[in-house]
Amino acid sequence: MIDRDEFSAWLRLLETPGVGRDAARALLARFGSPEAVLGASTEARGAVVQPALARALALVPDAFEARLAAGWQWLQGGDEPRDAIAIGDARYPQALLESPDPPLLLYVRGAAELLQAPAIAIVGSRNPTPQGAENARAFAAHLAATGWTIVSGLALGIDGAAHEGALGTGGKTVAVVGTGLDIDYPARHRPLAQRIARDGLVVSEFSIGTPSIAANFPIRNRIIAGLAR
């Protein structure tokens, strides 16, 4: 499991305002780890990213300690395994490493080994016809029964039907969500999320406490695509 110092460094790097994935990736390529990024001089960081970002990383973001405490408390809790898996960790999914924009840190709840499993994605409308939802369940059930892990986004409609179909045959499923893992969204799928955490895996790149924000759902979709064959 990730230790508190490493988790704190990753959170500082990823939560500093203005430091997006591209800048963070460039800094990691130069310095090797988030701890080394934060330990470098402002001048050294400024040779990699814009000076304003280099200076920002020298400052502790507002409310950082509260976010760190909440994240660490979440990692220590729960009946199912919880962790934060950073890029470079041996447990990080190879499939995402081969994608064009891999997330730098993944929060996981459940069976993290499913990140390495052969997977197929089934996603679709939040308002399907009854036949469409039944088709999604049937496809997921058949594919899961033959050994595929079903990846979807835990949304209402087709996504939920796909997760249910996989679980209904004793198969495995991974839910990639667009909020922090402490937030049940959509609320109607709280029991399904709990079942997936127990019998499969729930994943997010968004830090604990991140609410439902419309722009984050297209961002999470690249993880669904990246994990799937």
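You'll find the structure just up there.
Residues numbered from 1 in each chain as written. Predicted model: local features only at pLDDT ≥ 70, side-chain atom pairs only at ≥ 80, totals over all residues. Heavy atoms only, no water.

1. Brief notes about the pattern of salt bridges
- Enumeration over the complete set of coordinates arrives at 14 salt bridges.
- Close ionic contact of Asp22 with Arg25 constitutes a salt bridge, the shortest N to O distance being 3.6 Å. Taken together, the residues Asp22 and Arg25, both in helix 2 (residues 21-31) and three residues apart, mark about one turn of the helix.
- For Asp22, a relative accessible area of 61% gives the class exposed.
- The class of Arg25 is partly exposed, set by a relative accessible area of 24%.
- The partner of Arg137 in a salt bridge is Glu164, with the nearest N and O atoms 3.2 Å apart. Residue Arg137 is located in helix 8 (residues 130-145), and its partner Glu164 is located in helix 9 (residues 158-168); the two are separated by 27 residues in the primary sequence.
- For Arg137, a relative accessible area of 31% corresponds to the partly exposed category.
- The structure contains a network of salt bridges with shared partners spanning Arg21, Asp22, Arg25, Asp101, Glu205 and Arg222. (Salt bridge = Lys/Arg side-chain N within 4 Å of Asp/Glu carboxyl O. Helix = DSSP H or I, 4+ residues; strand = E, 2+ residues; numbered from the N terminus. Buried < 20%, exposed > 50% of the residue type's maximum accessible area, 1.4 Å probe, protein only.)

2. Points about the environment of Leu14
- Relative to the helices and strands, Leu14 resides in helix 1 (residues 4-15).
- Among the residues examined, Leu14 registers a relative accessible area of 28% and is labelled partly exposed.
- For Leu14, the contacting residues outside a window of four places in its chain are Val19, Ala24, Leu104 and Leu105. (Contact = heavy atoms within 4.5 Å.)

3. Focus on helix 11 (residues 216-227)
- With twelve residues, helix 11 should cover 16 Å at 1.5 Å per step; its first-to-last C-alpha distance of 18 Å lies within 8% of that length.
- Those residues of helix 11 that fall on the buried side of the exposure criterion are Asn216, Phe217, Arg220, Arg222, Ile223, Ile224, Gly226 and Leu227. (Expected span 1.5 Å × (residues − 1).)

4. Things to note about the pairing of strand 1 (residues 82-86)
- The buried fraction of strand 1 amounts to five of the five residues, a majority that puts the element mostly inside the structure.
- The side-chain alternation of strand 1 yields two buried faces, one formed by Arg82, Ala84 and Ala86 and the other by Asp83 and Ile85.
- Of the strand pairs in this sheet, strand 1 and strand 2 (residues 105-110) are connected by five bridges, and their pairing is antiparallel. Its bridge partner lying in strand 2, Ala86 is registered against Leu105. (Pairing = 2+ DSSP bridges.)

5. Focus: the nonpolar core
- Judged by nonpolar contacts, the single largest core of 38 residues is most densely connected at Phe7, Trp10, Leu13 and Tyr107.
- Of all the secondary-structure elements, those providing two or more residues to this core are helix 1, helix 2, helix 5 (51-56), helix 6 (64-76), strand 1, strand 2 and helix 10 (190-199).
- Residues within four places of Leu13 in sequence aside, it is in contact with Val19, Ala24, Leu27, Leu28, Pro34, Val37 and Leu57.
- Ranked by size, the runner-up nonpolar core spans 17 residues in total, among them Leu96, Leu114, Val176 and Val203. (Core = buried A, V, L, I, M, F, W, Y, C linked by side-chain atoms within 4.5 Å.)

6. Describing the pairing of strand 2
- Burial analysis of strand 2 places six of its six residues in the buried class, the great majority of the element.
- Sheet analysis places strand 2 next to strand 6 (residues 201-204), joined by four bridges and oriented antiparallel. In the strand pairing of strand 6, Arg109 is matched with Val202.

7. Observations concerning the side chain of Asn216
- Residue placement: Asn216 occurs in helix 11.
- A relative accessible area of 11% places Asn216 in the buried class.
- If sequence neighbours within four positions are ignored, Asn216 has contacts with Gly178, Phe206, Thr210 and Pro211.

8. Points about unusual backbone geometry
- For the peptide bond that leads from Tyr185 to Pro186, omega is -5°, which places it in the cis range.
- Positive phi, close to 65°, is recorded for Ala63, a residue that is not glycine.
- Among the secondary structure elements, Ala63 is positioned in the loop between helix 5 and helix 6.
- Given a relative accessible area of 52%, Ala63 falls into the exposed group.
- Despite not being glycine, Leu154 has its phi angle at roughly 65°, a positive value.
- Mapped onto the fold, Leu154 is located in the loop between strand 4 (149-152) and helix 9.

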